[in-house]
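Fold and contact review
One letter stands for each residue in the lines below.
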2 protein chains.
Amino acid sequence: MFTRIDHVGIACHDLEEKIAFYTSTFGLTVAARETQPGQGVHEAMLHVADAPAGSSYVQLLQPIHDDTAVGRFLARHGEGIHHVGYGVDDVEAALGILAASGVRLIDDRPRHGSMGASIAFLHPKAVGGVLTELVQAP
Amino acid sequence: MFTRIDHVGIACHDLEEKIAFYTSTFGLTVAARETQPGQGVHEAMLHVADAPAGSSYVQLLQPIHDDTAVGRFLARHGEGIHHVGYGVDDVEAALGILAASGVRLIDDRPRHGSMGASIAFLHPKAVGGVLTELVQAP
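Residues numbered from 1 in each chain as written. Chains lettered and ligands numbered in written order. Predicted model: local features only at pLDDT ≥ 70, side-chain atom pairs only at ≥ 80, totals over all residues. Heavy atoms only, no water.

Digging into the overall build of chain A
Broken down by element type, chain A carries 3 helices and 8 strands. Overall, chain A shows an N-to-C arrangement of helices and strands of β-α-β-β-β-α-β-α-β-β-β. What you see for chain A is a C-alpha radius of gyration of 15 Å, in line with the 14 Å of a compact globule of 138 residues. The principal-axis extent of the C-alpha atoms belonging to chain A is close to 45 × 35 × 25 Å. Scored against the burial criterion, the 138 residues of chain A give a buried share of 54%. Accessible surface, chain A: about 5,900 Å² in total, of which carbon and sulfur atoms supply 50%. Charge-centre separation for chain A: the mean point of 9 positive side chains lies 7 Å from the mean point of 16 negative side chains. (Helix = DSSP H or I, 4+ residues; strand = E, 2+ residues; numbered from the N terminus. Rg over C-alpha atoms; globule rule 2.2 N^0.38 Å. Buried < 20%, exposed > 50% of the residue type's maximum accessible area, 1.4 Å probe, protein only. Areas by Shrake-Rupley, 256 points an atom, 1.4 Å probe, with all protein chains shown as cover. Lys, Arg positive; Asp, Glu negative; His and termini not counted. Charge placed at Lys NZ, Arg CZ, Asp CG, Glu CD.)

Digging into the side chain of His123 of chain A
Residue and element names in this part refer to chain A. Along the polypeptide, His123 turns up in the loop between β7 (118–122) and β8 (132–136). Of the polar contacts made by the side chain of His123, one reaches the backbone nitrogen of Lys125; its length is 3.0 Å. Residue contacts for His123: discarding those within four places in its chain leaves Arg104, Leu105 and Ile106. (Polar contact = N/O pair within 3.5 Å; in protein donor to acceptor, adjacent residues only side chain to side chain. Contact = heavy atoms within 4.5 Å.)

What about the nonpolar core?
The biggest cluster of nonpolar side chains holds 64 residues, and the ones touching the most others in it are Tyr22 of chain A together with Tyr22 of chain B. Excluding anything up to four places from it in sequence, Tyr22 of chain B contacts Tyr86, Val127 and Val130 of chain A together with Ile10, Gly27, Leu28, Leu46, Val58 and Leu60 of chain B. (Core = buried A, V, L, I, M, F, W, Y, C linked by side-chain atoms within 4.5 Å.)

Looking at the packing of aromatic side chains
Within a pair of aromatic rings, the relevant descriptors are the distance that separates the centres and the angle that separates the planes. With the rule as written, the count across this model stands at 10 aromatic pairs over all chains. Centre to centre, the rings of Phe21 of chain A and Tyr22 of chain A are 5.6 Å apart; their planes meet at 90°, and the pair counts as edge-to-face. Residue class for Phe21 of chain A comes out buried when judged on its relative accessible area of 18%. According to the relative accessible area criterion, Tyr22 of chain A is buried, its value standing at 1%. Between Phe2 of chain B and Tyr86 of chain B the ring centres are 4.0 Å apart and the planes differ by 0°, which places this aromatic pair in the stacked class. You can see Phe2 of chain B sitting in the segment before β1 (4–11) and its partner Tyr86 of chain B sitting in strand β5 (residues 80–87), a full 84 residues away along the chain. Of the aromatic side chains, those joined through ring pairs into one cluster are Phe2 and Tyr86 of chain A together with Phe21, Tyr22 and Phe26 of chain B. (Phe/Tyr/Trp six-rings, centres within 6.5 Å; stacked < 30°, edge-to-face > 60°.)

Overview of the interface of chain B and chain A
Interfaces are often sized by the amount of accessible area the parts lose when they come together. Taken together, the 36 residues of chain B in the interface contact 36 residues of chain A. Together, the buried faces of chain B and chain A total about 2,800 Å²; carbon and sulfur atoms form 75% of this surface. Three residues, Ile5, Phe26 and Ile81 of chain B, lead the burial of chain B against chain A; their summed loss comes to 23% of the area buried on that side. The tally of links between chain B and chain A comes to 0 salt bridges. Viewed at the interface, chain A and chain B are joined by 2 residue pairs in polar contact (both at pLDDT 80 or more). Every element with two or more residues in the side of chain B that touches chain A is listed here: β1, α1 (15–26), β3 (41–49), β4 (56–63) and β5 of chain B. In the side of chain B that touches chain A, the residues fall into 24 nonpolar, 9 polar and 3 charged. (Buried area = accessible area lost by both parts, 1.4 Å probe. Salt bridge = Lys/Arg side-chain N within 4 Å of Asp/Glu carboxyl O. Nonpolar A, V, L, I, M, F, W, Y, C, P; charged D, E, K, R; others polar.)

Remarks on the relation of the copies chain B and chain A
Its rotation angle being 180°, the transformation that places chain B on chain A also includes 0.0 Å of axial translation and leaves an RMSD of 0.0 Å. On this basis, the relationship between the two copies can be described by a two-fold rotation axis. Closest to the rotation axis within chain B is the C-alpha of Ala51 of chain B, separated from it by 2.6 Å. Most of the interface of chain B is mirrored in chain A: 100% of its interface residues are interface residues there too. (Least-squares fit on C-alpha atoms with pLDDT ≥ 70 in both.)

Okay, here's the thing in structure tokens:
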């Protein structure tokens, strides 16, 4: 089902500071910067590598305000890894297979994600505490 | 510096249960199973994808006993994402560059990791709460 590790989503308080750190320390490059009001985040996609199935990124997430999913994550856990996103060829088909096998979903249909992707989240309680995202590149 | 996302390390209470879940639900395959006494874990590497720079994995980690790094993580946070590992061409060279730029290291020299890799961890306080591993494939 998974074609790659698309990204690791990292929650932070200060997006600019973390972009500066990852680019200067590790040499990553900024592929995109967006605000996703639906997910309540300002974000940056930092390019790690290319592969036949698609690229891999570090996704830095700063909440728009405290009362968002990432804002509540930061209040509970502090900065750190928030979720992992796996590439899939067809997110709608993958959701159908997972729903049929009883996996609890957050999104029962795809929605818009970073850089034009079609995405859906699985519930962390269904995946051993791991907030898991499916990503179909545009 | 990074050539790929090598793996996402996931802490769990029951390695067998999680292997069964990831293989049956997502179709991942077990690439290796090892016990790493130095890191205090029983682990499985589940293959996600291949790429020119090397493969990507989900790494499932069960602590050998409670008084280990992963055991303490589970006691504090419960099951979930424990760390991220990035591929590098030369872990010793990467450590030299990072130390010179003042990044706090856990390992100031490489040690043995999964599947014959040479690895080193950076301190999460230096990387915005993210326990970060460098992985040089054998």
